[in-house]
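Structure at a glance
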Amino acid sequence: MNGRVIPIEAAGGSGKSAAFEYLTTRKDELIGWARKFSIFPYPFVTACCAMEFMAVSSSPYDTDRFGAALPRFSPRQADLLMVVGTVTHKQAPILLKVYEQMCEPKWVMAFGVCATSGGFYQNYAAVPGIDRIVPVDVYIPGCPPRPETVIDGIMQLQDKIARSQHLIVNDKF
Amino acid sequence: MNAPGPVIANPVRPAFDKASREDTVIVSIGPSHPATHGTIQIFAELDGERILRADVHCGYLHRGFEKECEDHTWHNLIPYVDRLNYCSPLINDFAYCEAVEKMMGIGITRRAVILRTLLSEYSRLCDHITCIAASLMELGAMTAFLYLVMIRDYMYEHIADLTGARVTHSYGRIGGLARDLPEGWLARLEEILVQSDDFLGRAHGLVDRNRIFIDRMRDVGVISQSDALSYGYTGPILRSTGLPVDLRKDTPYLAYAELDFEVPVGIKGDNYDRYYVRMCEIDESIHMIRQCVDLLEPGPINVDDRRCVFPEKTRVYGEIESLINHFKIVMEGPRVPAGEVYSAHEGPNGELGFYLVSTGEGTPWKVHCRAPSFVHVGGTHLMLEGGQLADLVPTFGMINMIGGECDR
Amino acid sequence: MTTYGSDIFERVKERFGKAEDDLSGTARSSTTVQHSILVLHFAPGEVAGAVKVLRDEFGFDLFLDVTAVDWPDRDPRFDVVWHFYATRNRVRVRVKTAVTLADPVAPSLTALYGSAGIMERECHDMYGIRFDGNADLRPILLYEGFVGHPLRKDYPKQKEQPLVPYREEAKP
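Residues numbered from 1 in each chain as written. Chains lettered and ligands numbered in written order. Predicted model: local features only at pLDDT ≥ 70, side-chain atom pairs only at ≥ 80, totals over all residues. Heavy atoms only, no water.

Notes on the overall build of chain C
We apply this condition: Here a helix means four or more residues in a row that DSSP labels H or I, a strand means two or more in a row labelled E, and each is numbered from the N terminus. Think of it in three bands: with a 1.4 Å probe and only protein chains considered, a residue is buried below 20% of the maximum accessible area for its type, exposed above 50%, and partly exposed in between. Should any heavy atoms of two residues lie within 4.5 Å, those residues are counted as being in contact. The Shrake-Rupley method, run with a 1.4 Å probe sphere, supplies the accessible areas, and residue values consider only the shown protein chains as cover.
Counting its secondary structure elements, chain C contains 3 helices and 7 strands. For chain C, the α and β elements follow one another from N to C terminus as α-β-β-α-β-β-β-β-α-β. Looking at chain C as a whole, 56% of its 172 residues qualify as buried. Long-range contacts, defined here as pairs at least 24 residues apart, represent 53% of the contacts in chain C between residues at least 6 apart. Approximately 7200 Å² of chain C is accessible, and the part contributed by carbon and sulfur atoms is 50%.

Regarding the pattern of salt bridges
Should the charged atoms of two oppositely charged side chains come close, the side chains can pair. Residue and element names in this part refer to chain B. In plain terms, the rule: Salt bridge, as applied in this entry: a Lys or Arg side-chain nitrogen positioned within 4 Å of an Asp or Glu carboxyl oxygen.
In total, this model carries 51 salt bridges over all chains according to the counting rule given. Across the pair Asp-305 and Arg-307 runs a salt bridge, and its minimum N-O distance is 3.0 Å. Judged by its relative accessible area of 16%, Asp-305 is buried. The residue Arg-335 makes a salt bridge to Glu-361 at a minimum N-O spacing of 3.9 Å. A residue pair is termed long-range when its members are at least 10 positions apart, and Arg-335 in the loop between α13 (320-331) and β6 (339-346) and Glu-361 in the loop between β7 (351-358) and β8 (366-370) qualify at 26 residues. Residue Arg-335 is classed as partly exposed on the basis of its relative accessible area of 43%. Of the residues examined, Glu-361 reaches a relative accessible area of 41% and is grouped as partly exposed. Counted as one network, the salt bridges with shared partners bring together Glu-121, Arg-124, Arg-239, Asp-246, Arg-248, Glu-281 and Glu-346.

Regarding the side chain of Asp246(B)
Within the element layout of this structure, Asp246(B) appears in the loop between α9 (235-240) and α10 (247-250). Beyond its immediate stretch of four places on either side in the chain, Asp246(B) contacts Arg239(B), Val263(B) and Glu346(B).

Comments concerning a nonpolar patch on the surface
Note the following rule: For patch detection, residues must exceed 30% relative accessible area and be free of salt bridges, and they are connected within 9 Å for like charges or within 5 Å for nonpolar side chains (Val, Leu, Ile, Met, Phe, Trp, Tyr).
On the surface, Phe310(B), Phe327(B), Val330(B) and Met331(B) cluster together to form a nonpolar patch covering roughly 380 Å² of accessible area. Positionally, Phe327(B) belongs in helix α13.

Focus: the packing of helix α4 (residues 110-138) of chain B against helix α11 (residues 271-295) of chain B
Residues and elements named next belong to chain B. This is how it is decided: Throughout, an axis means a line fitted to C-alpha atoms (over the contacting stretch in the case of helices), and angles, computed between N-to-C directions, take values from 0 to 180 degrees. Working definition: roughly parallel below 35 degrees, roughly antiparallel above 145 degrees, roughly perpendicular at 65 to 115 degrees, and oblique for all remaining angles. Should the near helix be turned anticlockwise from the far one by less than a right angle, the crossing is left-handed, and should it be turned clockwise, the crossing is right-handed. When residue character is reported, Ala, Val, Leu, Ile, Met, Phe, Trp, Tyr, Cys and Pro are called nonpolar, Asp, Glu, Lys and Arg charged, and the others, Gly included, polar.
Packing of α4 against α11 brings their axes to within 9 Å, and their N-to-C directions diverge by 155°. When the interaxial angle is binned, α4 and α11 end up roughly antiparallel. With respect to the hand of their crossing, α4 and α11 are arranged in left-handed fashion. Mapping the contact onto sequence places Arg-110, Ile-114, Thr-117, Leu-118, Glu-121, Tyr-122, Arg-124, Leu-125, His-128, Ile-129, Cys-131 and Ile-132 in α4 and Tyr-275, Arg-278, Met-279, Glu-281, Ile-282, Ser-285, Ile-286, Met-288, Ile-289, Cys-292, Val-293 and Leu-295 in α11. Residues that form the contact of α4 with α11 fall into these classes: 16 nonpolar, 3 polar and 5 charged.

Quick look at the interface of chain C and chain A
Put simply, the rule is: Buried area adds together the accessible area that both of two parts lose upon being put together, with accessible area traced by a 1.4 Å probe. A 3.5 Å cut-off defines polar contacts: any pair of N or O atoms within that distance qualifies, except that in protein one atom must be a possible hydrogen donor and the other a possible acceptor, and neighbouring residues in sequence count only when both atoms are side-chain atoms.
With 21 residues of chain C in contact, the opposing surface of chain A contributes 16 residues. Summing both partners gives a buried area of about 1500 Å² for chain C against chain A, and 63% of it is carried by carbon and sulfur. Across the chain C-chain A interface, the total number found is 0 salt bridges. Along the contact surface separating chain C from chain A lie 7 residue pairs in polar contact (both at pLDDT 80 or more). Its residues placed into classes, the side of chain C that touches chain A shows 15 nonpolar, 2 polar and 4 charged.

Digging into the pairing of strand β4 (residues 78-86) of chain C
Residues and elements named next belong to chain C. To be explicit about the condition: Strand pairing is defined by DSSP finding a minimum of two bridges between the two strands.
Burial analysis of β4 places 9 of its 9 residues in the buried class, the great majority of the element. On β4, burial covers both faces: Phe-78, Val-80, Trp-82, Phe-84 and Ala-86 on one face and Asp-79, Val-81, His-83 and Tyr-85 on the other are all buried. As paired strands, strand β3 (residues 62-70) and β4 are joined by 8 bridges and run antiparallel to one another. Each residue of the ladder has a partner; that of Leu-62, found in β4, is Tyr-85. Bridging between β4 and strand β5 (residues 91-99) involves 9 bridges; their strand directions are antiparallel. Bridging across to β5, Trp-82 finds its partner in Val-95.

Describing the sheet that holds strand β3 (residues 50-57) of chain B
Residue and element names in this part refer to chain B. Pairing is antiparallel across the open sheet formed by 3 strands, whose spatial order is β1-β2-β3. At either end of the open sheet lies a strand with only one pairing partner, and these are β1 (25-29) and β3. Sheet twist, expressed as the mean angle between neighbouring strand axes with direction ignored, is 20°. Note that strand β2 (residues 41-47) and β3 share 7 bridges and pair antiparallel. Considered in β3, the bridge of Glu-45 is made with Arg-53.

Looking at the confidence of the model for chain C
All names here are of chain C. We count it as follows: Each residue carries a pLDDT score, the predictor's confidence in it, ranging from 0 to 100.
Per-residue confidence for chain C gives a mean pLDDT of 81; residues scoring 70 or more make up 85%. The model gives residues 19-28 a pLDDT under 50, and that stretch makes 20 contacts with residues more than four places away or in other chains. Quick note on the complex model: pTM equals 0.89, ipTM equals 0.86.

Brief notes about the sheet that holds β7(B)
Whether parallel or antiparallel, the strands of a sheet pair through hydrogen bonds between backbone atoms. Residues and elements named next belong to chain B. Taken in spatial order, the 3 strands make up an open sheet running β6-β7-β8, and their pairing is antiparallel. Where the open sheet ends on each side, the last strands, each with one partner, are β6 and β8. The average undirected angle you get between the axes of adjacent strands in this sheet is 15°. In this structure, β6 lies alongside β7, joined through 8 bridges in antiparallel fashion. Within β7, the residue paired with Ala-344 across the bridge is Gly-353.

Let's talk about the pairing of strand β2 (residues 80-84) of chain A
It is a general feature of regular strands that their side chains alternate between the two faces of the sheet. All names here are of chain A. As a reminder, the rule being used: A clockwise path from the first strand over the helix to the second, with the strands pointing away from the viewer, defines a right-handed crossover.
Burial within β2 is extensive, with 5 of its 5 residues counted as buried. Here β2 shows no split at all, with Leu-80, Met-82 and Val-84 on one side and Leu-81 and Val-83 on the other all buried. When strand β1 (residues 41-45) meets β2, the two strands line up parallel, connected through 5 bridges. Counted as the bridge partner of Tyr-42 is Leu-81 from β2. Read as a crossover between parallel neighbours, the route from β1 over helix α2 (residues 49-57) to β2 is left-handed. The sheet contact formed by β2 and strand β3 (residues 107-111) spans 5 bridges and is parallel. The residue bridging Val-83 from the neighbouring strand is Ala-110, located in β3. With respect to chirality, the unit in which β2 leads through helix α3 (residues 92-101) into the neighbouring parallel β3 is right-handed.

Some details on the packing of aromatic side chains
Convention followed: Only centres within 6.5 Å qualify two rings of Phe, Tyr or Trp (six-membered ring in Trp) as a pair; their planes then separate them into stacked at under 30 degrees, edge-to-face at over 60, and tilted for everything else. We call a charge positioned above a ring when the Lys NZ or Arg CZ atom is no farther than 6 Å from the ring centre and deviates by at most 35 degrees from the ring normal.
Under the counting rule described, the total for this entry stands at 25 aromatic pairs over all chains. Ring geometry for Tyr256(B) against Phe261(B): centres 6.1 Å apart, planes inclined by 65°, an arrangement best described as edge-to-face. An angle of 10° between the planes, with centres 5.3 Å apart, marks the rings of Trp365(B) and Trp71(C) as stacked. One end of the pair, Trp365(B), is in the loop between β7 and β8; the other, Trp71(C), is in the loop between β3 and β4, on a second chain. Exposure remark for Trp71(C): the relative accessible area of 22% places this residue in the partly exposed category. Taken together, Tyr124(A), Tyr143(C), Phe146(C) and Tyr155(C) form an aromatic cluster joined through their ring pairs. Sitting over the ring of Tyr99(A), Lys106(A) keeps its end group 4.1 Å from the ring centre. Over the face of the ring belonging to Tyr166(C) we find Arg132(A), whose NZ or CZ atom lies 5.3 Å from the ring centre.

Remarks on the interface of chain C and chain B
The interface of chain C with chain B comprises 48 residues on the first partner and 51 residues on the second. Summed over both sides, the interface of chain C with chain B buries roughly 4100 Å², with 59% coming from carbon and sulfur. With a shortest N-O distance of 3.4 Å, Glu340(B) and Arg94(C) are connected by a salt bridge. Where chain C touches chain B, the interface holds 25 residue pairs in polar contact (both at pLDDT 80 or more). Put simply, the parts of the chain that give the side of chain C that touches chain B at least two residues each are β3, β4, β5 and α3 (116-127) of chain C. Counting residues per element, the side of chain C that touches chain B draws most heavily on β3(C), at 9 residues.

Shown next as structure tokens:
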């Protein structure tokens, strides 16, 4: 912008300058691009899907390619909650607590069919889908999902992050 | 700050909520914690870094296995059985199927016997590799983890060629197996076994004589033989104390009586022994798989018993009797004679038993699983108490608690 | 301890067939071998004594399992079932007793086997069988506040007891 700054007050009735408008649209794109390649997952690993989680995060499939390799075991440092496996009613309070401890921005991935809908555990013990407890951004089908499906899920989440609005100052910007 | 939400009830009640001394502190570890792979919660009273007492809680993965089984036919519940010990689903399948076959008085075909033995050992191999890989990763040995998961992934893909699924195979059937080996499967098996020698050798080389590894494993999490027996330990943990109890040797089932193998035992009952017993069992399993391949002969994989085995598809479409037969097995389930049975296989973690009760219907009256992991959790505090807090990581890794099996 | 051969079942039967001082001769209805497991029936009060004999005299040193079977139409309603394994003789034995719905109390084996503690807690969770002598019957697979015993036949399979209220937007 060649060092020339248009003052916000000077830019007509809306109170916003053209450059500012430009910045707000491109800002989301820029931050989205940065955020989608720096996903720090918190693996909330409970059940069978852990086997595929291990496979997908190690060398043959390598989630590092998506910037999502480094698991953070503290919810405060993570921004993707991967719920890997069945969540039971006994586990639900812990899931909620972990979710509430995570800082914004945060996303939730339901890894496998149990986390998505309870799967074939439709009984007194299992929660029929973690979206009853926490909001979910991406659902990965499969019991357990193949690593390719997981990678597809991560890429869809990346698209979602890239396309969404990223508020960094207040609820408008 | 957000408004405070509703007060959430604590799902568990620790055995002690007051410290026994003024200078101790009680910490809760888990149920979502890197050291507690799987879902387990440990309340520990700490004197500095030393664990004075520990109270171990499981049940965070209780998915109502037994209740679901009572709602499904004898056949349809096989996928639930798979998800007990999801590191080695095939052993679960075969143990369950054998229990039902005992009740029905079915003897499976020779080819099915050999294939089940082969696949049991293959599954055990995967399980031990998973256990060791995960434990090593928790100790920081990331390279060994990557090597072991690499070879495990070859095995998963290979088993998927046969069963159609990488992890939860649902391959066992009452009276036999789901399908026969695809072409070229055995050739690829031999390739993988050769490769696995290489990968396992690298893991051996990385950790076996590694000072850090030895310091963290040797004389850590020791359990005496009498304690291990009293607390119902079986499998590699009991064998690590020096007692050669192995159902494959003691009460041979499937084709184990024909195979040449040894039962590795430890000397001290510490974590290093458990690691080494598992590593030796991997070698024995590979040896057994090769023997099974030699024993394998062509033949049918299912018994010819219309009570439980599906008729061929061509006949189902061509004749009314087979159609009805197929319909009855699917909708009502195989009729298992009334009675009860307890049948156990040597799972990777220990004695995996199924106690079944039938009333003569197509659905079971009760399916109870004697899960080694659950019993092991009952004695975990013995291994933790008196040790350092950091020792919890290798000890718990070597117990190899599998949530699905422990909590069912 | 004597190591028995293949005749161990005969010896056990003989031992329990006789009227002993520590074991009254009541309710010992049948002693059978089913699928190579010896099945022994006892009255609830006799179980602890009999298991002690099994452990000390016959070497059944591994306590495998305790569970219950619910027969809603029968009185007494529950069978409590124990399994034991003898590591030296390589045989299994099943001990059964029947308890009523009104008084579902079975003896605890915590004094004999360490592993009894956790397994009795599970059985208490699932069937509501109380184990006399086990002071620690806190829920192990279920959670605090769970009402009822899910493996009883009259517990509906899908009756949930959530600890966390479901989110409004997720309700079907």
